[in-house]
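Coordinates in review
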Amino acid sequence: MYEIELTDVEKDYLDSIGSTVNYPKGQIIFAAGQRTNEVYYIKNGWVKVFGTTLDGRQVSVALRYSGDFIGLAEVLSEDQEREYSAEAMDNVSILILWKDSFKKMLGEHPDFSAKIMKLMSDRLRESQRTIHDFINNPVQGRLALVLKNMAQRSGESAKGDIVNVRLRVTQEELACCIGASRQTVSTLLNLLKDDGCLKYEGREIVSLNIKKLNAWIG
C-alpha cells in the first residue's frame, strides 16, 4: 500500500495522455485473462486486486488506494494477459493510460521513472510482509491488520488512537482479504466491536482504535 507523490507537472502530463473513467462500487475494472495494453492511476477511491480459486472463491492479493497505480506489472513485463482482476471497492475515479504513452513518459521523465521503480520495489517488500503476516497471525490478527491498514490509508485521525473512517465494506469483501469465511469474519467483527476496536453506524465502520487493533496483531 504505497502512494506515489507526483508533482503537478507529472499529474498534468498524465492527464494529457490518459482518459478519466468513473467506476461505481462493485464494478470490475479489469479481469484476469484479459489482454493488457493499459495502466490505471487511481485518482479517488480504493480498489481490490484479487484472484479466483478453482472452487470460485475470491482471494484478495492487494488493496490499492488513491494516488496509486494498478496494472503496472503486466505492462512493464510485457505479459500478454492479466493474471488478476480488479474491482472498485467504492465509487472510484481512475485515469487510464495506454501502454505506449506511459512507457514514453518513463523514458522522457527520469524522476517519474525512478518513482515507479521505487513503487515496484516497495510492492515486493509488501508481498513479503504479507506472507509473513499470514504465517504469524491467526485469522483474527489478519482481520485486525487489514482494518488497521484501511484506516491508515483512508481515515483521518480524530483523538489519540482513534481514526475516523467511512468504510462501507462487506463481510464477504473482508473475508476475501484475509482468506476466511464470511461467517468467521462476522463473528470476529462482533468481537472487535465488543473490545472497542471499531464502531459502526448502520453498515459503515466509522471509527477504528489503532491501539486496540494492534493488540490483536501478532
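Residues numbered from 1 in each chain as written. Predicted model: local features only at pLDDT ≥ 70, side-chain atom pairs only at ≥ 80, totals over all residues. Heavy atoms only, no water.

As annotated in an unreviewed UniProt entry, the protein is Crp/Fnr family transcriptional regulator from Desulforamulus aquiferis.

Either a parallel or an antiparallel arrangement is found when strands of a sheet pair, and the pairing is made through backbone hydrogen bonds. The sheet built from 4 strands is open, its strands ordered 2-7-4-5 with antiparallel pairing. The open sheet has two edge strands, strand 2 (28-30) and strand 5 (58-65), and neither has a second partner. In this sheet, neighbouring strand axes are inclined to one another by 35° on average, regardless of whether the strands run parallel or antiparallel. The sheet contact formed by strand 2 and strand 7 (residues 85-88) spans 2 bridges and is antiparallel. Opposite Phe30, over in strand 7, you have Ala86 as the bridge partner. Relative to the sheet, helix 6 (residues 171-178) contacts strand 4 (46-52), strand 5 and strand 7, its axis offset from that of strand 5 by approximately 95°. (Pairing = 2+ DSSP bridges. Helix = DSSP H or I, 4+ residues; strand = E, 2+ residues; numbered from the N terminus. Axes fitted to C-alpha atoms, helices over the stretch in contact; angles between N-to-C directions. Contact = heavy atoms within 4.5 Å.)

With that out of the way, let us pick up helix 3 (residues 99-108). Buried within helix 3 are the following residues: Lys99, Phe102, Met105 and Leu106. Looking straight down helix 3, one finds its buried side chains confined to an arc of 125°; they lie on one side. Exposed residues on helix 3 whose side chains face more than 90 degrees from its buried face are Asp100 and Gly107. Those residues of helix 3 hidden inside the fold are in contact with helix 1 (8-17), strand 3 (38-44), strand 6 (69-70), helix 2 (72-77), strand 8 (92-98) and helix 4 (110-136). (Buried < 20%, exposed > 50% of the residue type's maximum accessible area, 1.4 Å probe, protein only. Arc of directions from axis to C-beta.)

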